[in-house]
Amino acid sequence: MTELTLVQAVNRGLAEAMRADPNVVLLGEDIGLNGGVFRATEGLYKEFGEQRVIDTPLSETGIVGTAIGMALNGLTPIAEIQFMDFIYPAFDQIVSELAKFRYRSGGQFPCHVVIRTPYGGGIKGGLYHSQSTEAYFCHTAGLKVVVPSTPADAKGLLLTAVHDEDPVVFLEPKRIYRAVTGEVPDGDHRVPFGKARLVREGTDVSLFAYGAMVPPTVEAAEALAKDGIQAEVVDPRTLVPLDEAAILASVEKTGRAVVVHEAARFCGFGAEIAALLAEKAFYSLKSPIARVTGYDTPFPYALENLYLPNADTIAHAARAAVQAA
Amino acid sequence: MNGAPALVPLPYSPDQVAARLGSDWQPTLRSAHRWMILARTLDARMQALQRQGRVGFYGAATGQEAVNVAAGLASRPEDWVYPGLREQLVALVRGHPLVTYAHHLFADNLDPGRGRNMPCHPTAQEVRYVSMSSVIGTQIDHAVGTAFALRHRHEPGAVLAFFGDGATSSNDFHAALNFGAVWGAPVVFCCTNNQWAISVPVTHQTAAPSLAAKAAEYGLPGRQVDGTDFVAVFAEVRAALEQARSGGGPTLLEFVLYRMTAHSSSDDPTRYQPKDWAARAVAHDPVARLEEWLGRNRLLDADQRAAVAAECESAVRDAVEAAEATIPPVPASLTEDVYASGSTGWTD
Amino acid sequence: MDAASPDASASARAGIPAGAGLGPDRILAAYRLMVLSRTTDERCLALQRQGRIGFYAPLLGQEAAQVGCALALTAEDWVFPAYRELAVALARGVPLKSIIDQLIGNSADLTKGRQMPNHFGFREFRFVTASSPIGTQITQAVGAAMAAQRRREAVVTVPFFGDGATSSNDFHAGLNFAGVFRTPTIFFCQNNQWAISLPRDKQTRSKTLAEKAEAYGFPGVVVDGTDLNAVYRAVVQARARAVQGDGPTLIEAQVYRLGPHSTSDDPKRYRTDAEVAEWKARDPLARLRADLAVAGQLDDAADQKVWEEARAEVAAAIEAGERSPPMPPESIFEDVFATLTPRLEAEREEFRALGRGTEGGP
Ligand SMILES: Cc1ncc(C[n+]2csc(CCOP(=O)(O)OP(=O)(O)O)c2C)c(N)n1
Ligand SMILES: Cc1ncc(C[n+]2csc(CCOP(=O)(O)OP(=O)(O)O)c2C)c(N)n1
Ligand SMILES: [Mg+2]
Ligand SMILES: [Mg+2]
């Protein structure tokens, strides 16, 4: 065990994967000498050299497109997109190619690429350094979508992604890159996909949150506890595949659900959880499902704190759910 | 009548052909001729079947046979092929069985791609011919990535990346040639300039003096090649592959040729092509040019020609019959291959 | 699109009648703009360290390229900047105060505090609001040129971008469309030798960036971007070509990014002090000052006055900017669509009911 920040845990996970397998290569912008703009690849260039930590020209299309070709020919590329906001030049490659290669080739050309990218707001990044657009990717069959919220999960899920056989979009909550620290197992630590983490047990209301929304959700749960409301906090950790059983079990126990994400509400991932509960836990629900999310606007700069959910807005929704029935 | 332009003969003496193709030039030419006739036969048959509603779609490569056959014959088993829209013949020449390709065209249960792609989008993994999407240009980056991986693992081989004149305007063309050049990757960029992107003539696709000239933007060599001249294409592809394999980096080859049919079975070129296009194209028919040369040099007589044609007819007939006798993909296959089977963590 | 022409043009600000060459007086005016830009950069880097603005991307070393280019344009021309074009804005006549307001993101900010610092936009000056994704403005500028072509306006559009942006999708599409449609566009590439940590020679294997234009069927020219007059002349020429209907030009202004990529960057990780020093010796400001001194146009006392005036102007703009109140909270719901949709109205109601943005609210 080592005490690490989330970004350090990502870094350790990458190093671990690269040491274990010479076919693992990294490619992206400014990941070499510069160690990545968030320092996620710090030290890797020095250890593994420029043939395995590849600083590419400024083209996300090229990064993901060539990563696909590498994967087709036996490498395990881990591509870094500097900010999730800059993933769109590669959207075509991700959605049209990466997600569909296995299917369209009848399983003959599976394509295992891991795409890491920092996402989310709260760093004063304005419209283009803050977005949280996981829903686009969750909507595309063939991709797995992962969002860790702790250092241990960051490393464990990353190593699972690297050893998986499918394309993985690995979203790193940059707001808590350094804000959270935790004990991280040394060595080949893996956290399975499709298994939610029960962050906090409770009986009165279920709060679902992932990534950078987990800390304020826990804070909200603690505030609620002072008022005698026992909130359960569940972090799905992987949005695809989704641990439906854990989500249903929690709501069957509490009868109330609040879904939290910083992405805009309309057609956001919360809608999927709400639909799941409506379809499969309807008779357990005591009050309407609530969503605490970003607004349906672009992400603002000066007023980002008013855009993002926080412990107060989450607690407010949870109280309302409890008071409703 | 002022008449159609006369066939443009191949300008070689037998010695000159030998110099370009090597000592076994005669069997190479015979084999090339046979493949071209097979392709013609297949194109004609499939276009007819499409009109009859027996296959859903077909994109002929009539007029592009010289490039496809030359690439197939000049490449080695360890090389990889990333096709564009019209390179299925490359897979056949590299050893993909015709009947398997027919299963794909009919999207039946024996299609290696399990009937998921439109016709003319085959998967032929055993000959390193990679599954393609319909999205123009995307495969060019994949070719560069695969080339990087070949070198990274010190494997022999190089990669052929095919795309049309229209694809030179794509994002991926730009990214792939740039990455390929910066990395010095063992890849040959093969642009089949059939002078049309559906209805857009190449003169409206770009203001560049040629497509080969675009290579300079990336610091790469680019060469224009007569894409209806089998001998020229073979020599250029072989040389470019050799350069790539020996660490000399990528080349952009522009094969100038003529699209002799509609863009696809869904297209009506009379709406946009000039009236004399077909006649100009026929003068550059790669099959006729090769046959004329073989005839002139007494390497192919009428009987031999008829025998090849008959053989190809029956091969195509057998393949079509086999495919039409095969059941459609089993329904369960609809949800398979989205993710790896037994992949970690599925809970439903 | 409104065709109203902004009155305070670059030329007006610099006291230059539009269309004339860059003579002695104008050079002095250009020098003032460059000093103002340099002073703003230095102050803003400090403001960011003090936490008074959130971010800053300086243009240190690129002043001559930006001012030289901007002064060759008319008020009717369109500028499509990236995030480093502060001196272009100044040279087009944008008041420094407006720029500072954007850096602060206060209620006077014309972009309403929605963007990170440096992502300005000034419609009045045909200076189109920048975004962060690299390259996207290049295709947009070509489209604006196509619109101008249709209306037979004698204007050019000018996308500004860096060496890194030449690898972007939009560079390829933008230059290709411009070549095919022969648009009146000047592609102004400031090759400052770095794309964050990636050096120019790893960005592409072509010898110059300018020669990339040949792949699109129009000329590309390399110009010393530390030489104000050389840049000015190159742009005047390209502009004349464009308005005559002879099509686009790619200009590669060779400069050096003397500062960090932005306040989030530490260039010591990837480049040597020696390299920086070498280029520092070619500082465009020092170069111009020396030229002006030799020409007897600027003595030390006059130069000192230029700097003092600049410092005073910057200080006044910052003071005024910091006095402006912040953006009103509910403004986040505006400008998503032309009018507030029912859904957004409902969200605004919810926002109000929570008391967000009020004293003590969540
Ligand atoms: C990204 C994309 N845009 C549009 C299309 C529709 N489309 C299919 S083929 C084609 C023209 C392709 O021309 P070219 O690259 O010259 O290849 P050719 O068909 O001539 O072999 C177009 C526009 C597509 N498949 N993908
Ligand atoms: C599409 C996209 N990818 C990545 C980034 C992150 N990024 C911001 S600036 C930059 C380098 C830009 O270099 P260049 O074009 O040379 O402009 P300069 O900053 O040198 O002026 C990068 C990679 C981005 N903003 N947009
Ligand atoms: Mg074509
Ligand atoms: Mg640069």
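As the structure is a prediction and not an experimental result, all values here were calculated from the model. Along each chain, residues carry numbers from 1 onward, in the same order as the chain's sequence is written. The order in which chains are written sets their letters, starting at A; the order in which ligands are written sets their numbers, starting at 1. Note on the predicted model: pLDDT of at least 70 is required for a residue's local features to be given, and 80 or more for side-chain atom pairs to be given and counted; whole-chain, interface and lining totals, by contrast, use all residues. Side-chain figures throughout are based on the complete set of non-hydrogen atoms in the structure, without hydrogens or water.

On to the site of ligand 2. In this text, near means that some heavy atom of the residue lies within 4 Å of the molecule or strand in question. Within the structure, ligand 2 sits among 19 residues, and Glu60(A), Tyr83(C), Arg84(C), Asp163(C) and Asn192(C) are positioned closest to it. At the site occupied by ligand 2, nearby residues are drawn from chains A and C. Within the backbone of Ser132(C), a nitrogen or oxygen atom sits 2.9 Å from a nitrogen atom of ligand 2. Under the rule applied, a polar contact is a pair of N or O atoms within 3.5 Å (in protein, one hydrogen donor and one hydrogen acceptor; residues adjacent in sequence only if both atoms are side-chain atoms). With respect to ligand 2, the backbone of Ile134(C) contributes an N or O atom lying 2.9 Å from a nitrogen atom. About the coverage of ligand 2: the protein hides 95% of its 580 Å² of free accessible area. When its residues are assigned to classes, the shell around ligand 2 shows nine nonpolar, six polar and four charged. For the area figures, the Shrake-Rupley method with a 1.4 Å probe applies, and any residue is considered shielded solely by the protein chains shown. When residues are grouped by polarity, Ala, Val, Leu, Ile, Met, Phe, Trp, Tyr, Cys and Pro land in nonpolar, Asp, Glu, Lys and Arg in charged, and all others, Gly among them, in polar.

Let's shift gears to the interface of chain B and chain A. Across the boundary between the two partners, chain B contributes 50 residues, which contact 52 residues of chain A. Two parts placed together each lose some accessible area; with a 1.4 Å probe, that loss summed over both constitutes the buried area. Of all residues in chain B, the largest losses of buried area upon contact with chain A belong to His142(B), Phe179(B) and Tyr339(B), amounting jointly to 16% of the total for that side. We count a salt bridge whenever a side-chain nitrogen from Lys or Arg sits within 4 Å of a carboxyl oxygen from Asp or Glu. Joining chain B to chain A, the criterion identifies zero salt bridges. Taken together, the elements giving at least two residues each to the side of chain B that touches chain A come down to β1 (80–82), α6 (138–152) and α7 (171–183) of chain B. A run of H or I in DSSP counts as a helix once it spans at least four residues, and a run of E counts as a strand once it spans at least two, with each numbered from the N terminus. Top element by residues in the side of chain B that touches chain A is α6(B). It accounts for 11 residues. For this analysis, residues touch if any pair of their heavy atoms sits within 4.5 Å.

It is worth spelling out the packing of helix α2 (residues 24–49) of chain C against helix α11 (residues 284–294) of chain C at this point. Residue and element names in this part refer to chain C. Axes here mean lines fitted to C-alpha atoms, for a helix over just the part in contact, with angles spanning 0 to 180 degrees between N-to-C directions. Where α2 contacts α11, the axes come no closer than 11 Å and their chain directions differ by 150°. Our classification of the angle between α2 and α11 gives roughly antiparallel. α2 and α11 meet at a crossing whose hand is left-handed. Mapping the contact onto sequence places Ile 27, Leu 28, Tyr 31, Met 34, Val 35 and Arg 38 in α2 and Pro 284, Leu 285, Leu 288, Arg 289 and Leu 292 in α11. Note that the term roughly parallel is reserved for angles under 35 degrees, roughly antiparallel for angles over 145, roughly perpendicular for angles of 65 to 115, and oblique for everything else. Should the near helix be turned counterclockwise from the far one by less than a right angle, the crossing is left-handed, whereas a clockwise turn marks it as right-handed.

Here the focus is unusual backbone geometry. A cis amide bond, omega -5°, links Val240(A) with the succeeding residue Pro241(A). Locating Pro241(A) in the fold gives a position in the loop between β12 (238–240) and α9 (244–254). One non-glycine residue with positive phi stands out, namely Arg298(B), at about 55°. For Arg298(B), the position within the fold is in the loop between α11 (286–296) and α12 (302–324). Throughout this description, buried means an accessible area under 20% of the type-specific maximum (1.4 Å probe, protein chains only), exposed means over 50%, and partly exposed covers the range between. You can call Arg298(B) exposed: its relative accessible area is 76%. In the Ramachandran plot, Ile196(C) falls in the positive-phi region, its phi being about 45° despite a non-glycine side chain. With respect to the element layout, Ile196(C) can be found in the loop between β4 (194–195) and β5 (198–199). Looking at Ile196(C), the relative accessible area reads 12%, which means it is buried.

Before going further, it helps to examine the interface of chain A and chain C. Counting from both sides, the interface comprises 44 residues of chain A and, opposite them, 43 residues of chain C. In total, chain A and chain C occlude about 3,500 Å² of area from one another, counting both sides; carbon and sulfur atoms represent 57% of this. When the buried surface of chain A facing chain C is broken down by residue, Leu58(A), Tyr295(A) and Tyr301(A) rank first, second and third, together holding 21% of it. Applying the counting rule to chain A against chain C returns four salt bridges. Notably, a salt bridge pairs Arg269(C) with Glu42(A), separated by 2.9 Å at the nearest N-O pair.

Time to look at the packing of aromatic side chains. Here a Phe, Tyr or Trp ring, Trp counted by its six-membered ring, pairs with any other such ring whose centre lies within 6.5 Å, and the pair is stacked when the planes are under 30 degrees apart, edge-to-face when over 60, and tilted otherwise. Tallied over the entire structure, the rule returns 34 aromatic pairs over all chains. Judged by centre distance (5.5 Å) and plane angle (50°), the rings of Trp196(B) and Tyr272(B) are tilted. Here the residue Trp196(B) occupies a position in strand β4 (residues 196–197), and Tyr272(B) occupies one in the loop between β7 (251–256) and α10 (277–283), the gap between them amounting to 76 residues. Here Trp196(B) falls in the buried class, since its relative accessible area comes to 8%. Taking 6.3 Å as the distance between ring centres and 25° as the angle between the ring planes, the aromatic pair formed by Trp78(C) and Phe80(C) counts as stacked. Taking relative accessible area as the criterion, Trp78(C) reaches 12% and is therefore assigned buried. Judged by relative accessible area, Phe80(C) falls into the buried class, the value being 6%. Taken together, the aromatic side chains of Tyr295(A), Phe299(A), Tyr307(A), Phe333(C) and Phe351(C) make up a single cluster linked through ring pairs. A ring has a charge above it when a Lys NZ or an Arg CZ is no more than 6 Å from the ring centre and no more than 35 degrees off the ring normal. Above the ring of Phe101(A), the side-chain terminus of Arg104(A) is found at 4.0 Å from the ring centroid. If you follow Arg34(B) out to its NZ or CZ, it ends over the ring of Trp35(B), 5.3 Å from the centre.

With the rule as written, the count across this model stands at 58 salt bridges over all chains. The salt bridge involving Glu324(B) is made with Arg54(B); its shortest N-O contact spans 2.7 Å. You can see Glu324(B) sitting in helix α12 and its partner Arg54(B) sitting in the loop between α2 (25–51) and α3 (65–74), a full 270 residues away along the chain. For Glu324(B), a relative accessible area of 36% translates into the label partly exposed. Its salt-bridge partner being Arg151(C), residue Glu153(C) comes within 2.7 Å of it at the nearest N-O pair. Judged by its relative accessible area of 25%, Glu153(C) falls in the partly exposed class. Within the structure, one salt-bridge network assembled from shared partners comprises Arg76(B), Glu78(B), Asp79(B), Glu242(B) and Arg245(B).

What follows is about the coordination of the magnesium ion (ligand 3). Residue and element names in this part refer to chain B. Within the protein, Asp 165 (OD), Asn 194 (OD1) and Trp 196 (O) serve as the donor atoms for the magnesium ion (ligand 3), at 2.0 to 2.1 Å. Donor residues for the magnesium ion (ligand 3), ordered by position in the chain, follow D-x28-N-x1-W. Taken as a pair, Asp 165 in the loop between β2 (159–164) and α7 and Trp 196 in strand β4 lie far apart in primary sequence, 31 residues in all. Given a relative accessible area of 1%, Asp 165 falls into the buried group. Distances define the donors: N, O and S atoms within 2.8 Å of the metal qualify, as do those within 3.2 Å of Na, K or Ca. Water is excluded, so some sites may look unfinished.

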